[in-house]
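# Understanding the architecture of this molecule
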Amino acid sequence: MAYAHVETKLFTVRHVTVPVLPTGQDPLRVLHVSDLHLVPRQQRKLDWIRSLADLRPDLVVDTGDNLAHVGAVDPLLDALTPLLDTPGVFVLGSNDYWAPRPKNPARYLLPDARQHQPEPIPLPWDRLVAGFTAAGWKDLDNHRADLTLPDGRTLSFVGTDDAHLDQDDLTLAGTATPGADLHLGVTHAPYLRVLNALRADAVDLILAGHTHGGQLRLPGYGALVTNCDLDRRRASGLHGWPGARPDSFRGADSTWLHVSAGAGTSPYAPVRFACRPEATLLTLTAR
Ligand SMILES: [Fe+2]
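One structure accompanies this document, and this report is about it. What you see is a predicted model; the values in this text were computed from it and never measured.

### A closer look at the coordination of the iron ion
Every protein donor of the iron ion is accounted for by Asp35 (OD), His37 (NE2), Asp65 (OD) and His212 (NE2), and the metal-donor separations fall at 2.0 to 2.3 Å. Taken together, the four donor atoms surrounding the iron ion define angles of 87 to 171° at the centre, an arrangement classified as irregular. The class of Asp65 is buried, set by a relative accessible area of 2%.

Below, the structure is given as structure tokens:
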């Protein structure tokens, strides 16, 4: 358990190549950050977030659960300042809306324990959204957006609000603008209904977070849970949806799916095992 606490501070950048761009295009570097669960005192995490700008991505995708404290918005926006000059898109997760609460095991044993549960504390997600959008990042919570990169390439996006809170509703997003060089789907929690809806929208690649990669992984077995209805074998990393894609010739018509293992944990469960906190640099290349 002591090691598993230390691992929560072993931040790393995972590198993934996805052959998803139209034939003949130059590579595109996408930085996928997720599940930072920031508490203001986490200076080491803040320094690491600030260093991510050194990767010089062409695009940043933030798949939510940024906050774990009412005072985390300002330090987060400060640490992200070097990245906010880069084109970006984001969706929110449940932990952007509500502060984490300790889980009381007695709740299951004592009939009246439920009434002693602390009230949920709302987090200032609106200030986070204001900070992101002021920098030009696009809010994809049940929304669409288009971006033109400095080299003239066009990207279209569709995203959902958090399915873990049942706030996902793609019908609110309207219809897509056709003709983009790349169509990306962005969501926090990769529930099957969301992955199917994004695939039906003909996205080329889906980016999601929420799972924390299982957070505790058994070597040789992998994640125990995904905290949603996605199978545990796809708790993190690059896969195909609905079928396997990167490691076999099967699923050639599947949509690419990247699930981030995230960079944080609830402050009430500060452990990770065989599942280092991460951001991912996806290099998108021509098919
Ligand atoms: Fe999370």
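More follows now that the structure is in view.
### Digging into the packing of helix α3 (residues 73–80) against helix α5 (residues 125–134)
It is the contact of α3 with α5, at a shortest axis distance of 10 Å, that shows an interaxial angle of 20°. As the angle between them shows, α3 and α5 are arranged roughly parallel. When you trace α3 past α5, the crossing you get is right-handed. Contact with α3, carried on its side by Val73, Asp74, Leu76, Leu77 and Leu80, involves Arg127, Leu128, Gly131 and Phe132 of α5 and no other residues of that element. Of the residues assigned to the contact of α3 with α5, the class counts are six nonpolar, one polar and two charged.

### Concerning α5
Among all positions of α5, only Leu128, Val129, Gly131 and Phe132 are buried. Along the axis of α5, the buried residues cluster in a sector spanning 160°; they form a single face. Considering only its buried residues, α5 is in contact with β3 (59–62), α3, β4 (88–90), α4 (94–97) and β5 (138–139). A positive phi of about 100° marks Gly136, the residue just after α5.

### Side note on the pairing of strand β9 (residues 205–208)
Of the two faces of β9, both are covered, the one formed by Leu205 and Leu207 as well as the one formed by Ile206 and Ala208. Alignment of strand β8 (residues 182–186) against β9, held across three bridges, turns out to be parallel. Residue pairing across strands places Gly185 opposite Ile206, the latter belonging to β9. Note that β9 and strand β13 (residues 255–259) share four bridges and pair parallel. Bridge pairing in β13 places Leu205 opposite Trp256.

### Focus: the pairing of strand β7 (residues 154–159)
The buried fraction of β7 is high, at five of six residues. The pairing of strand β6 (residues 144–148) with β7 spans five bridges and is antiparallel. Of the residues in β7, the one forming a bridge with Arg144 is Val158. Here β7 runs beside β8; their pairing, made up of five bridges, is parallel. Across the sheet, Phe157 pairs through a bridge with Leu184, a residue of β8.

### Description of the side chain of Thr226
Assignment of secondary structure puts Thr226 in the loop between β11 (222–223) and β12 (237–241). Of the polar contacts made by the side chain of Thr226, one reaches the backbone oxygen of Leu230; its length is 2.7 Å.

### Here's the deal with the environment of Ala286
Of note, Ala286 is situated in strand β14 (residues 278–286). On a C-alpha basis, the gap between Ala286 and Val91 in space is 26 Å, while along the polypeptide they are 195 residues apart. Not counting chain neighbours up to four residues away, the residues in contact with Ala286 comprise Pro19, Leu21, Pro22, Thr23, Gly24 and Gln25.

### Description of unusual backbone geometry
Peptide bonds are mostly trans, and most non-glycine residues show a negative phi. Residue Pro242 follows Trp241 across a cis peptide bond; omega there is 10°. Along the chain, Pro242 turns up in the loop between β12 and β13. Positive phi, close to 55°, is recorded for Asp65, a residue that is not glycine. You can see Asp65 is positioned in the loop between β3 and α3. Phi at His210 takes a positive value of approximately 80°, unusual for a residue other than glycine. If you trace the backbone, His210 turns up in the loop between β9 and β10 (217–218). On the basis of relative accessible area, His210 is assigned to the buried category, the value being 5%.

Criteria and cut-off values
- Residues numbered from 1 in each chain as written.
- Predicted model: local features only at pLDDT ≥ 70, side-chain atom pairs only at ≥ 80, totals over all residues.
- Heavy atoms only, no water.
- Donors = N, O, S within 2.8 Å, 3.2 Å for Na, K, Ca; no water.
- Tetrahedral: all angles 85-135°; square planar, octahedral: opposite > 155°, others 65-115°.
- Buried < 20%, exposed > 50% of the residue type's maximum accessible area, 1.4 Å probe, protein only.
- Axes fitted to C-alpha atoms, helices over the stretch in contact; angles between N-to-C directions.
- Helix = DSSP H or I, 4+ residues; strand = E, 2+ residues; numbered from the N terminus.
- Parallel < 35°, antiparallel > 145°, perpendicular 65-115°, else oblique.
- Left-handed = near helix turned anticlockwise from the far one by under 90°.
- Contact = heavy atoms within 4.5 Å.
- Nonpolar A, V, L, I, M, F, W, Y, C, P; charged D, E, K, R; others polar.
- Arc of directions from axis to C-beta.
- Pairing = 2+ DSSP bridges.
- Polar contact = N/O pair within 3.5 Å; in protein donor to acceptor, adjacent residues only side chain to side chain.

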